[in-house]
Amino acid sequence: MKIAHFAAAALAASLPLAGFGGPHAMGISVTAIVGATVIHPERDAATAAVPETVIVAGDRIVAVGPASSTPVPRGAKVIDAKGKWLIPGLIDSHVHFFQSGNLYTRPDGADFGKYMPYEKEVARNKARLPATFKVWLASGVTSVVDIGGPMWNFDMRDAARASPAAPRVAVAGPLVSSVDRVALDLGDPPIIKASTPEEAVALVRRELARKPDYIKVWFVFTSAGDLPKQEIVVKAAGDAAHAAGVPLAVHATELATAKAAMRAGADYLVHSVEDEPIDDEFLRLAKKNHILYCPTLFVINGYQYAFSGTWKPTEAEKRLGDPQILAAMDDLRKMPGDAIPDGIRKLMANPPHPEPGKVSLANLRRVWDEGIPVVMGTDAGNVGTLHGPGVFREMEYMTRAGLTPLEVLRSATTNGARAMRMERDIGAIAKGRYADLVILDADPLASVDNLSHASLVMKGGKLFTPEGLMKSL
Ligand SMILES: [Zn+2]
């Protein structure tokens, strides 16, 4: 009786049901995850890991607590997670679905058009979206922020929402840019140059019609003399976005452009400051703007590995990467010599040994210590950075800045929920949140590598296994 009463109370608290009669009334499925060590990344180390029962009804968590006071509702499906760990679904706050991660996806960086025309690559990426959605879930990533792409990005968001096996997707449209990228323009370009405030506002208005989650500016440093003029263009874009209630995300990888971006109203810095140590003015602006800071430490190295023919999949990428992309990463070996650009040939003859940038690591440490919310983001889709398991490379790099596994996990969940603009709905294991959960076979607070060992992934109450998702590709 007590159990039935509990179920009714728990569900009535979260669902607007009249005359509720049990877990399966109205077709709502109830799942109880029992025996797991539940990780609460928003808490400090002493209280972050606790043995608890989690009850899910429909797409939401309806109860979390000690087994003694959290009975399993009658008729619930029970998942025995004894000896396992339960974390909130991971959030990658910086991805691009118009890019695949293979060698052909950025012809403005290296043009392999003789071997693989860019048109074919883009058509492949569009057709492959259902599989790309699945590799994210298989890696335990239940939400991603696509921070810029062609106008078809908005259709991609619709497709993700309509698909049962897809992460939640927040999206920005074409990048409002200080430079041109003609190689990427097939009629629906991902990057559009705006030289004046008027051009920037016109582009932002066109995007606002599609209800973007962000307006994104690609603020590429050209010269110190140009900077003040560029800042005015960024501010015009930001003001137009803010007037519509949409936040401004900015790509700015130098201290000077990052500060100019924040003066212009940036809410989200999507990369590290890479060129010099951040200073007090940076920190003042970051706090004033309540900035989110995404380090994207691996993405540069991904290009270096891939373009020198030294890219090798990690153990997690072998299991959880899209097999089409993994196969294509070996193409440099098969390609006829005349299809390989000169710059690539030089890199192959003298391959670099990439490491995370020292300045970027030091800046991540300082930003974290100053209490500025850091979000985990891979920039997935760029050459050498895979959708899905690319997150495990990025999280390992973040630990090299001295962040603990718990701090990295907080970046990839609690803080990521802010980048998704869903901080009340995702990012924590708490009553009322969406049931976006990952069951792990190994302790994620012992090592971030253990985050790649999921046995079950739940998104909005729906259960998946990584193996099942990968087999279905
Ligand atoms: Zn990016």
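Conventions adopted
Residues numbered from 1 in each chain as written. Predicted model: local features only at pLDDT ≥ 70, side-chain atom pairs only at ≥ 80, totals over all residues. Heavy atoms only, no water. Helix = DSSP H or I, 4+ residues; strand = E, 2+ residues; numbered from the N terminus. Buried < 20%, exposed > 50% of the residue type's maximum accessible area, 1.4 Å probe, protein only. Contact = heavy atoms within 4.5 Å. pLDDT = per-residue confidence, 0-100. Donors = N, O, S within 2.8 Å, 3.2 Å for Na, K, Ca; no water. Axes fitted to C-alpha atoms, helices over the stretch in contact; angles between N-to-C directions. Parallel < 35°, antiparallel > 145°, perpendicular 65-115°, else oblique. Left-handed = near helix turned anticlockwise from the far one by under 90°. Pairing = 2+ DSSP bridges. 1 Å grid on protein atoms, 1.4 Å probe; cavity = no way out; pocket = protein on both sides within 12 Å on 5 of 7 lines; lining within 4 Å. Points joined across faces, edges and corners; volume = space filled by probe spheres on them. Nonpolar A, V, L, I, M, F, W, Y, C, P; charged D, E, K, R; others polar.

(A) Seen up close, the environment of Ile340. Looking at the element boundaries, Ile340 is found in the loop between helix H12 (331–334) and helix H13 (342–349). A relative accessible area of 8% means that Ile340 is categorised as buried. Between the C-alpha atoms of Ile340 and Leu463, which are 123 residues apart in sequence, the distance is 44 Å. Among residues more than four places away in sequence, those in contact with Ile340 are Leu332, Met335, Arg345 and Met348.

(B) Molecular detail of the confidence of the model for the protein chain. Overall, the predicted model of the protein chain reaches an average pLDDT of 94, with 95% of residues at or above 70. A low-confidence stretch, residues 1–23 stays under pLDDT 50, and its non-local contacts, those more than four residues away or across chains, total 28 contacts.

(C) Inspection of the environment of Pro228 at higher detail. Within the secondary structure, Pro228 is located in helix H6 (residues 227–243). Look at Pro228 and you get exposed, because its relative accessible area is 52%. With 29 residues separating them along the chain, Pro228 and Thr257 place their C-alpha atoms 9.8 Å apart.

(D) View of the coordination of the zinc ion. Bound to the zinc ion are the protein donor atoms His94 (NE2), His96 (NE2) and Asp379 (OD), situated 2.0 to 2.2 Å from the metal. The exposure class assigned to Asp379 is buried, which follows from its relative accessible area of 6%.

(E) Up close: the packing of helix H5 (residues 197–208) against H6. Close contact between H5 and H6 brings their axes to 8 Å; oriented N to C, the two are set at 30°. Here H6 runs roughly parallel to H5, going by the angle between their axes. Like other packed secondary-structure pairs, H5 and H6 cross with a definite hand, here right-handed. Contact with H5, carried on its side by Pro197, Ala200, Val201, Val204 and Leu208, involves Ile232, Val233, Ala236, Ala237, Ala240 and Ala241 of H6 and no other residues of that element.

(F) View of the pairing of strand E1 (residues 30–34). Counting buried positions along E1 gives 5 out of 5 residues, so the element sits mostly inside the fold. With burial as the criterion, each face of E1 is covered, one bearing Val30, Ala32 and Val34 and the other bearing Thr31 and Ile33. Of the strand pairs in this sheet, E1 and strand E6 (residues 77–80) are connected by 4 bridges, and their pairing is parallel. By the bridge assignment for E6, Val34 is matched with Asp80.

(G) Highlighting empty space enclosed by the protein. Counted under the stated rule, the structure contains 3 cavities of 30 Å³ or more. Approximately 110 Å³ is the volume attributed to the largest cavity. Lining the largest cavity are 13 residues, and of these Ser100, Arg124, Thr132, Ile325 and His387 sit closest to its centre. Elements with a contribution of two residues or more to the lining of the largest cavity: helix H2 (118–127) and helix H3 (129–138). Counting residues per element, the lining of the largest cavity draws most heavily on H3, at 3 residues. Counted by class, the lining of the largest cavity contains 5 nonpolar, 5 polar and 3 charged residues.

(H) Region of the structure containing the packing of helix H7 (residues 255–263) against helix H8 (residues 280–288). The contact between H7 and H8 brings their axes to 9 Å, and the two run at 30°. Relative to H8, the element H7 lies roughly parallel. The chirality of how H7 crosses H8 is left-handed. For the pair H7 and H8, the contacting residues are Leu255, Ala258, Lys259, Met262 and Arg263 in the first and Glu281, Phe282, Leu285 and Ala286 in the second.

(I) Region of the structure containing the pairing of strand E18 (residues 454–459). Burial within E18 is extensive, with 6 of its 6 residues counted as buried. The sheet contact formed by strand E17 (residues 437–440) and E18 spans 4 bridges and is antiparallel. Of the residues in E18, the one forming a bridge with Val438 is Val457. The pairing of E18 with strand E19 (residues 462–464) spans 3 bridges and is antiparallel. Residue pairing across strands places Lys459 opposite Lys462, the latter belonging to E19. Linking two consecutive strands that pair antiparallel, namely E18 and E19, is a turn of 2 residues; a positive phi of about 55° is found at Gly460 within it.

(J) The layout of surface pockets, seen in detail. The calculated volume of the largest pocket comes to roughly 570 Å³. Considering the residues around the largest pocket, the lining is formed by 29 residues, among which Trp218, His251, Tyr303, Asp379 and Asn382 are closest to the centre. Of all the secondary structure elements, the ones that give two or more residues to the lining of the largest pocket are strand E13 (215–218) and helix H9 (299–307). Each pocket or cavity is described by its volume, and for the second largest pocket that value is around 290 Å³. If you go around the second largest pocket, the residues you meet are Arg157, Ala160, Arg161, Pro167, Arg168, Val169, Ala170, Asp213, Met420, Arg421, Met422 and Lys459. Counting only elements with at least two residues in the lining of the second largest pocket, the list comes to helix H4 (153–162) and strand E10 (168–171). Within the lining of the second largest pocket, the residues separate by chemical class into 6 nonpolar, no polar and 6 charged.

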